[in-house]
Amino acid sequence: MRSPLSEANGTAVLLLPELPIHISELVGRAYLTRGALLWAGTRVLAGIVLLSASGNPVRLHPAMAASLVVVVFILSYLDLKRRRETTLLHDLGIPAMLVVAIATIPAAFAESAIGLAGRLVR
Amino acid sequence: MSAILIVDSVVKASDGNSILAGASLRAVPGELRALIGARGSGKSTLLKIAAGLIPPDVGSVQFAGRPYKNMFHKDIAGLGLFFVPDEDLFSNAWSVRTQLEMIREQFNGGDPDQAIAAVGLSDEVKKKPDQLSRAERRRAEVAAAIVRRPRCVLVDEPFRGLARDDAADLTRLLRGLAASGVAVVVSGSEMPDLFAEADRVTWFTGGRTQELGPPSAAIRSPQFRLECMGSYSAPVSRVAVSGRR
């Protein structure tokens, strides 16, 4: 049975069930890092806007946090297009939208964590 | 040896304008094929269809015996096809070495350092592509193909903007790739060195292709010489005199 994360030839490979797609650790890490930076930048900008409107720059309304994740998804996609990485990804056998989704993981994870922490502190 | 990539009678139109009107293409393992035609004539469209980047309106395409009218480039890439576009393949976000390592990890491919050494870029390996010259970027893309170990490589217009010496170096590298058993198809409009080094020539004109055979046979076509070879007598003479093919 295929596991979500397995070792193949000394390389950690993410195996997606049913789909003949795998993403090497290096590619996955590269897009996770990019997504984390995009989220951090977007978060700072959102914080500045909220601060100027006398709001809480850290604790966002759940709808706003979800919107922020969507914004990071869109920015990741636009960044991919701007850098013209689609052909390289396809040569690697990786759908472009999959790496966009991977780049959104840090935003989704971080916003969930901040939201959860906010509830616990309250 | 039989063709690994077969494109047959492909028709493609865009905004009512015919781009391909029955174009065909073959890629045979161990063979370097030159796809020669005027700039803007539709060679890139033919290669993109062959790579699964865009679908044909009519006609059939198959790779390794699998027809793929409804398959995408990423799926065909997994079967062993490597496409080098007429714009840069590599991202400027990471170093050449990192991107070669990505390819190696993804396909359990060849050693990036050996590939980099083979294309003469050992000193530039830690640079990002936008810090390299155009010729160096083209060589880095050949290194990517070496690391990938594909069954077939389609290279779109790699000689555009290159100096004559750089073009000759690149041709030598592509020749080496073919000699290792890879099916190589290279498109271009100004390719004197490639013409001389190619195993076979496919002439793209008027939205159609004509198989001209080896270069020594291709130069016997008066129309081909008139349209494509007029200003490049040296390589033609080389082919004719050496009679190597």
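Residues numbered from 1 in each chain as written. Chains lettered and ligands numbered in written order. Predicted model: local features only at pLDDT ≥ 70, side-chain atom pairs only at ≥ 80, totals over all residues. Heavy atoms only, no water.

What to know about the interface of chain A and chain B
Counting from both sides, the interface comprises 22 residues of chain A and, opposite them, 24 residues of chain B. Carbon and sulfur atoms supply 59% of the area buried between chain A and chain B, which totals about 2000 Å² over both sides. Across the chain A-chain B interface, the total number found is one salt bridge. With its nearest N and O atoms 4.0 Å apart, the salt bridge here joins Glu 87 of chain B to Arg 84 of chain A. If you look at where chain A meets chain B, you find nine residue pairs in polar contact (both at pLDDT 80 or more). Put simply, the parts of the chain that give the side of chain A that touches chain B at least two residues each are β3 (22-24), α1 (25-52) and α3 (86-91) of chain A. (Contact = heavy atoms within 4.5 Å. Buried area = accessible area lost by both parts, 1.4 Å probe. Salt bridge = Lys/Arg side-chain N within 4 Å of Asp/Glu carboxyl O. Polar contact = N/O pair within 3.5 Å; in protein donor to acceptor, adjacent residues only side chain to side chain. Helix = DSSP H or I, 4+ residues; strand = E, 2+ residues; numbered from the N terminus.)

Here's the deal with the confidence of the model for chain B
All names here are of chain B. Per-residue confidence for chain B gives a mean pLDDT of 88; residues scoring 70 or more make up 92%. The lowest-confidence element of chain B is helix α10 (residues 233-242), averaging 47 in pLDDT; the highest-confidence one is strand β7 (residues 152-155), averaging 97. The model gives residues 233-237 a pLDDT under 50, and that stretch makes eight contacts with residues more than four places away or in other chains. Here residues 240-245 scores under 50 on pLDDT; set against residues more than four positions off or in separate chains, the count is 14 contacts. (pLDDT = per-residue confidence, 0-100.)

Section: empty space enclosed by the protein
All names here are of chain B. Enumeration over the complete set of coordinates arrives at four cavities of 30 Å³ or more. Lining of the largest cavity is provided by Val 84, Arg 138, Glu 141, Val 142, Ala 145, Val 153, Val 155, Pro 158, Leu 170 and Leu 174. Elements supplying a minimum of two residues to the lining of the largest cavity: α5 (134-148), β7 and α6 (164-179). In terms of residues, the lining of the largest cavity owes the most to one element, α5, which gives four residues. Class assignment for the residues of the lining of the largest cavity results in eight nonpolar, no polar and two charged. The two domains that each donate at least three residues to the lining of the largest cavity are domain 1 (5-80 + 152-241) and domain 2 (92-149). (1 Å grid on protein atoms, 1.4 Å probe; cavity = no way out; pocket = protein on both sides within 12 Å on 5 of 7 lines; lining within 4 Å. Points joined across faces, edges and corners; volume = space filled by probe spheres on them. Nonpolar A, V, L, I, M, F, W, Y, C, P; charged D, E, K, R; others polar. Domains from an automatic or database assignment.)

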